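The lines below spell out each chain.
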Amino acid sequence: MNFLAHLYLSQNNTNIMIGNFIADHIKGNNYEGFSKEIQQGIFLHREIDTFTDTHKIVRKSKRRLHERYKHYDGVIIDIFYDYYLAKNWSNYSAIPLDVYTNSINQMFGNISSELPVKSQQFIKYMIEYNILFNYQFKNGIERVLTGMNNRTKGKSQMNLAIEDLIELEHEFQEDFTIFFDDLQEFCNLKLKEISQPNL
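The rules behind the values
- Residues numbered from 1 in each chain as written.
- Predicted model: local features only at pLDDT ≥ 70, side-chain atom pairs only at ≥ 80, totals over all residues.
- Heavy atoms only, no water.
- Salt bridge = Lys/Arg side-chain N within 4 Å of Asp/Glu carboxyl O.
- Helix = DSSP H or I, 4+ residues; strand = E, 2+ residues; numbered from the N terminus.
- Buried < 20%, exposed > 50% of the residue type's maximum accessible area, 1.4 Å probe, protein only.
- Phe/Tyr/Trp six-rings, centres within 6.5 Å; stacked < 30°, edge-to-face > 60°.
- Polar contact = N/O pair within 3.5 Å; in protein donor to acceptor, adjacent residues only side chain to side chain.

1. What about the pattern of salt bridges?
One pass over the full model with this rule turns up 7 salt bridges. Among the salt bridges present, the one from Asp 175 reaches Arg 64, with a minimum N-O distance of 2.4 Å. With Asp 175 in helix H11 (residues 169-194) and Arg 64 in helix H4 (residues 56-69), this pair connects stretches of sequence that are 111 residues apart. Given a relative accessible area of 2%, Asp 175 falls into the buried group. When its relative accessible area of 28% is taken as the criterion, Arg 64 is described as partly exposed. Close ionic contact of Lys 138 with Glu 169 constitutes a salt bridge, the shortest N to O distance being 2.9 Å. Taken together, the residues span a long stretch of sequence, with Lys 138 in helix H9 (residues 138-151) and Glu 169 in helix H11 at a distance of 31 residues. Here Lys 138 falls in the partly exposed class, since its relative accessible area comes to 29%. Where salt bridges share partners, they join Glu 47, Lys 190 and Glu 193 into one cluster.

2. Details of the packing of aromatic side chains
The tally for this structure, following the rule as stated, stands at 22 aromatic pairs. An angle of 50° between the planes, with centres 6.0 Å apart, marks the rings of Phe 21 and Phe 122 as tilted. Note that Phe 21 is positioned in helix H2 (residues 14-22) and Phe 122 in helix H7 (residues 117-128), a separation of 101 residues in sequence. The burial state of Phe 21 is the same as that of Phe 122; both residues are buried. Here the aromatic rings of Phe 133 and Phe 137 are separated by 5.9 Å at their centres, their planes lie at 70°, and the arrangement is edge-to-face.

3. Digging into the side chain of Asp 175
There is a polar contact of 2.6 Å between the side chain of Asp 175 and the side chain of Ser 61. A polar side-chain atom of Asp 175 sits 2.4 Å from a polar atom in the side chain of Arg 64.

As C-alpha cells, this is what we get:
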C-alpha cells in the first residue's frame with residue numbers, strides 16, 4: 001500500500017501515523033530511538049506490507065501488469081490502490097478528504113525536521129504538490145507514476161501505467177474493494193496485538 005492507505009490504517013493515532021509514514025526510511029532495528037507508539041507504527045507498516053504482498057487479490061492485480069512492468073508491478077499497484085482509496089474516500093471516512101489531507105500536510109510540515117532525511121524530502125514534495133489529495137485524480141496518479149519512472153531513469157516505464165489504469169479501471173476497482181476490506185480487518189487485529197505491553 002502507498003502513503004494515503006498507510007496513514008488511514010493508522011486509525012488517527014498521530015504517533016502511529018508518523019511511524020507508519022517513515023517506516024520505509026527506517027532499516028532493520030534503527031527504530032529504537034523513537035517513542036514506543038512511533039515504533040508500533042513502523043511495525044504496523046511492515047505487517048501491512050507483508051499482508052499486501054502475499055494477498056491473493058493483490059497478486060491478481062499484479063498479474064495484469066507483470067508482463068509490461070516486471071518487478072515494478074507491485075509499486076504500481078500500491079499507487080493504484082491509493083487512487084481508489086482517495087476516489088472512494090467517503091466510503092471509508094466521515095472526514096472529507098481535503099480536510100484530512102490538509103491536516104496531514106500541516107502535521108508533517110511541523111515535525112519534518114525531526115524525521116529521517118528521506119522522509120523530509122518526500123514531505124516537501126507531498127505538500128508542494130498536495131499529493132495525498134490529488135491521488136483521487138488520474139492526472140495526480142500520472143504525476144506520481146512519471147516521478148517514479150524518472151527515479152528509475154526510465155527503466156521502469158511506470159509513466160505508461162496510467163494507460164493500464166484507464167483500460168482496466170473497473171477490474172482494479174473490484175480488486176481494491178475486496179482486498180481493502182480484508183486489510184482493514186487485519187489492521188484492526190494487528191493494532192491490538194502490537195499495542196500489548198510486551199512490545
